[in-house]
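Chain by chain, the residues run as shown.
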Amino acid sequence: MCMLSADVAKILIDEVALRQRVRELGEQISRDYCGQDLLLVCILKGGVVFLSDLMRHIDVPHEIEFMAISSYGDATESSGIVRIMMDLAVPIKGRNVLIVEDIVDTGYTLAYVKGLLSTREPASIRICALLDKAERRKVPLQIDYVGFEIPNEFVVGYGLDFQGRYRNLPYVAVLKPERYRKQPGK
Ligand code: IMP
């Protein structure tokens, strides 16, 4: 079987729910940043699908920039060691920064990124995460905009991957247990 969807055990958040919630977040962000400068900082690669939908529901002028972070490798547990693979290409001093991320798990990644960006003296810095595994948190972190709180399960789809794959699934899902074993060539 070559279909990616055949690897899915259950759909946690379907396309309709995602569309509705992302629209609500965009509307809320538009209200909150009305009349203000706004810079969306998307965390690659996982945040990219969320960003592309979210920004189309943000009805105020804004710019987008990208940062690439690695904290997982190919595992399903955070290593706690956060590495910047690609830094921002622009200064953020005096800007209103909104970090756009796919999921907050232990919180290590965003606590590190927020701390790092704060040293660059933005006017404000907030976090928007599509998914929040709140029960897994290891470090305190304020998430200003949350799409969905989810249980402690490793999820894929809508930008989230396992070993680099499944980002293109249009929903958030849990894979069949045998699929979380290491795959050939990975
Ligand atoms: P944290 O540092 O533990 O909060 O992990 C954040 C990063 O881990 C996210 O940006 C994701 O890339 C990855 N991650 C955490 N949980 C999941 C999951 O359930 N599926 C896919 N990636 C995840």
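A brief structural summary. (Residues numbered from 1 in each chain as written. Predicted model: local features only at pLDDT ≥ 70, side-chain atom pairs only at ≥ 80, totals over all residues. Heavy atoms only, no water.)

Some points on the pattern of salt bridges
1) Next: For the coordinates displayed, the defined rule picks out 11 salt bridges.
2) Next: A salt bridge links Glu 153 to Lys 10; the nearest nitrogen and oxygen atoms lie 3.1 Å apart. With Glu 153 in the loop between strand S7 (145–149) and strand S8 (155–156) and Lys 10 in strand S1 (residues 8–13), the pair connects residues that are 143 residues apart, well separated along the chain.
3) Next: A relative accessible area of 38% places Lys 10 in the partly exposed class.
4) Next: Here Arg 137 makes a salt bridge to Asp 132, at a shortest N to O gap of 2.6 Å.
5) Next: Residue Arg 137 is classed as partly exposed on the basis of its relative accessible area, which comes to 21%.
6) Next: It is possible to trace a salt-bridge network through shared partners that takes in Asp 37, Glu 63 and Arg 95. (Salt bridge = Lys/Arg side-chain N within 4 Å of Asp/Glu carboxyl O. Helix = DSSP H or I, 4+ residues; strand = E, 2+ residues; numbered from the N terminus. Buried < 20%, exposed > 50% of the residue type's maximum accessible area, 1.4 Å probe, protein only.)

A few points about the sheet that holds strand S3 (residues 63–70)
1) Next: Ordered in space as S4-S3-S2-S5-S6-S7, the 6 strands form an open sheet in which the pairing is mixed. In this open sheet, the two strands that pair with only one neighbour each are strand S4 (83–86) and S7. Strand-to-strand twist across the sheet, computed as the mean angle between neighbouring axes with direction ignored, equals 30°.
2) Next: Examined bridge by bridge, strand S2 (residues 39–44) and strand S5 (residues 96–104) share 4 bridges and lie parallel to one another. Within the sheet, the bridge partner assigned to Cys 42 lies in S5 and is Val 100.
3) Next: Its contacts with the sheet place helix H1 (residues 15–32) against S5, strand S6 (124–132) and S7, and it is angled at close to 160° to S7.
4) Next: Each of S2, S3, S4, S5 and S6 touches helix H3 (residues 108–118); the most contacted strand, S5, lies at about 165° to it. (Pairing = 2+ DSSP bridges. Axes fitted to C-alpha atoms, helices over the stretch in contact; angles between N-to-C directions. Contact = heavy atoms within 4.5 Å.)

Observations regarding the side chain of Ser 70
1) Next: With respect to the element layout, Ser 70 can be found in strand S3.
2) Next: Taking the relative accessible area as the measure of exposure, Ser 70 reaches 19% and is therefore buried.
3) Next: Setting aside anything within four residues of it in sequence, one finds Ser 70 in contact with Ile 81, Val 82, Arg 83 and Met 85.

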